[in-house]
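Structure assessment
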Amino acid sequence: MSVDEAALEKRFKAHQHQLFLKGHYLPATTYYDGEWYWGVDRLDHLERRLIDEGYANQPNTQIEFNKTYASLFQPFNFTDVKEKYSEPLTLFWSARSPYSYIALLQTVKLTIHYGIPLEVKPVLPMMMRGLYVPPKKAIYIFLDTKREAQKLGIDYGFLADPLGEGVERCYALLAYARENNKYLDYLLSFAKAVNAHGVRADTDSGMKKIVEGAGLSWQEAKLHLNNTDYKEEVTANQADIYQKGSWGVPVFRYKDIQVWGQDRLFVMEDAIRQNLNSHNSASSN
């Protein structure tokens, strides 16, 4: 059977144009009545909508496609030797990424739940690395993160995009925050401020709110705003994730497992539980 390559190409371009006109940019994406659902990870939103609209076969409000969040923070029985086997969970994070914001809040909860260390490694936003981000992608990301945050009970939506100077000022204070044992507090304060409270990180008044929100001194912190030592750190972090096949964030790493996307945190939890369970079993024998 011969293939009409010209006809296939024409059909391909027509479908691509239709995707563009409807407001999206990727395949493997479901469209339903004005809303997009990228991949299997957003079928929970579609399922929730269909149930709410009365399309369920049974009067059942339970969602089946909820793997990415429903199983998080499971009960776990620890042993006294837990601290010996608490390998850190690493999060590669961007000060501009809304997905990184959600990931940071969820990862903090997860590491506290299991009593393991958390390492947060900043990288530059994609647009500050010279990577192109289509305008339709930016729109979809906002709409997608809004519904993801709402699902998880996370305050989000009043954004003040820190791209450029805001990100640079955030990273300039990383070393200062670490020296004062407020590194994670500072990242949380920054992320919440720019993603949920409309605080502009490119202004002194905005950074003052962020710094003081982390329990740090603005009078001390503002002396470090021109620090550029972070550039070597974020470049090394970017090279690290590139080497293992990722380019965007958030990226999670636990032992030798690395995954991309805030909706893959359940993979990390499974790995953490398996690791702690194996040591629990060994210590009880």
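Here is a short report on the structure shown in this document. (Residues numbered from 1 in each chain as written. Predicted model: local features only at pLDDT ≥ 70, side-chain atom pairs only at ≥ 80, totals over all residues. Heavy atoms only, no water.)

Quick notes on the side chain of Asp240
Cut-off, in case you're wondering: Secondary structure elements follow DSSP: runs of H or I of four or more residues count as helices, runs of E of two or more count as strands, with numbering from the N terminus. Think of it in three bands: residues with accessible area under 20% of the maximum for their type are buried, residues over 50% are exposed, and the middle band is partly exposed, with areas taken using a 1.4 Å probe on protein chains only. Distance and chemistry together define a polar contact, namely a pair of N or O atoms within 3.5 Å, with one atom able to donate a hydrogen and the other to accept it when in protein, and with adjacent residues in sequence counting only for side-chain atoms on both sides.
With respect to the helices and strands, Asp240 occurs in helix α11 (residues 230-243). Overall, Asp240 belongs to the buried group, its relative accessible area being 17%. Within the local environment of Asp240, its side chain forms a polar contact with the side chain of Arg253, the two groups lying 3.0 Å apart.

Section: the environment of Leu26
Just so we agree on the cut-off: We call two residues in contact when some of their heavy atoms are within 4.5 Å.
Along the chain, Leu26 falls in the loop between α1 (5-21) and β1 (29-32). Taking the relative accessible area as the measure of exposure, Leu26 reaches 22% and is therefore partly exposed. Distance from Leu26 to Pro117, taken between C-alpha atoms, is 36 Å for residues 91 residues apart in sequence. Once residues lying within four places of it in the same chain are set aside, the contact partners of Leu26 are Leu19 and Trp38.

Details of the pattern of salt bridges
The following threshold applies: A pair is scored as a salt bridge if a Lys or Arg side-chain nitrogen falls within 4 Å of a carboxyl oxygen belonging to Asp or Glu.
Per the counting criterion, the structure on display carries 19 salt bridges. Overlapping salt bridges, with partners in common, bring together Asp33, Glu35, Arg42, Asp44, Arg49, Glu53, Asp144, Arg147, Glu148, Lys151 and Asp263 in one network.

Topic: the sheet that holds strand β5 (residues 251-254)
Strands in a sheet are paired, the pairing made by backbone hydrogen bonds, and the direction either parallel or antiparallel. Short version of the rule: We treat two strands as partners when DSSP finds at least two bridges between them. What counts as an axis is a line fitted to C-alpha atoms, over the stretch in contact for a helix, and the angles between N-to-C directions run from 0 to 180 degrees.
Sheet architecture is open: 4 strands sit in the order β4-β3-β5-β6, paired in mixed fashion. Because the sheet does not close on itself, it has two edges, and the strands there are β4 (118-122) and β6 (257-260). Within the sheet, the average angular offset between the axes of one strand and its neighbour, ignoring direction, is 20°. Sheet topology places strand β3 (residues 89-93) next to β5; 4 bridges connect them, and they run antiparallel.

As for the pairing of β4
Basically, it comes down to this: Handedness is read with the strands pointing away from the viewer; a crossover is right-handed when the path from the first strand over the helix to the second is clockwise.
Pairing of β3 with β4, which is carried by 5 bridges, proceeds in the parallel orientation. Of the residues in β4, the one forming a bridge with Leu89 is Leu118. Taken together, β3, helix α4 (residues 98-114) and β4 form a β-α-β motif whose crossover is right-handed.

Describing the packing of helix α8 (residues 183-196) against helix α9 (residues 204-213)
To be explicit about the condition: The cut-offs work like this: below 35 degrees is roughly parallel, past 145 is roughly antiparallel, 65 to 115 is roughly perpendicular, and the gaps in between are oblique. Put simply, a crossing is left-handed when the front helix is turned counterclockwise from the back one by less than a right angle, and right-handed when it is turned clockwise. Side-chain classes are defined by residue name, with Ala, Val, Leu, Ile, Met, Phe, Trp, Tyr, Cys and Pro counting as nonpolar, Asp, Glu, Lys and Arg as charged, and the others, Gly among them, as polar.
Interhelical geometry of α8 versus α9 gives an angle of 135° and a closest axis separation of 8 Å. One way to sum up the angle between α8 and α9 is to call them oblique. The handedness of the crossing between α8 and α9 is right-handed. Along its contact with α8, which presents Tyr186, Ser189, Phe190, Ala193 and Val194, the element α9 presents Met207, Lys209, Ile210, Val211 and Gly213. Split by residue class, the contact of α8 with α9 holds 7 nonpolar, 2 polar and 1 charged.

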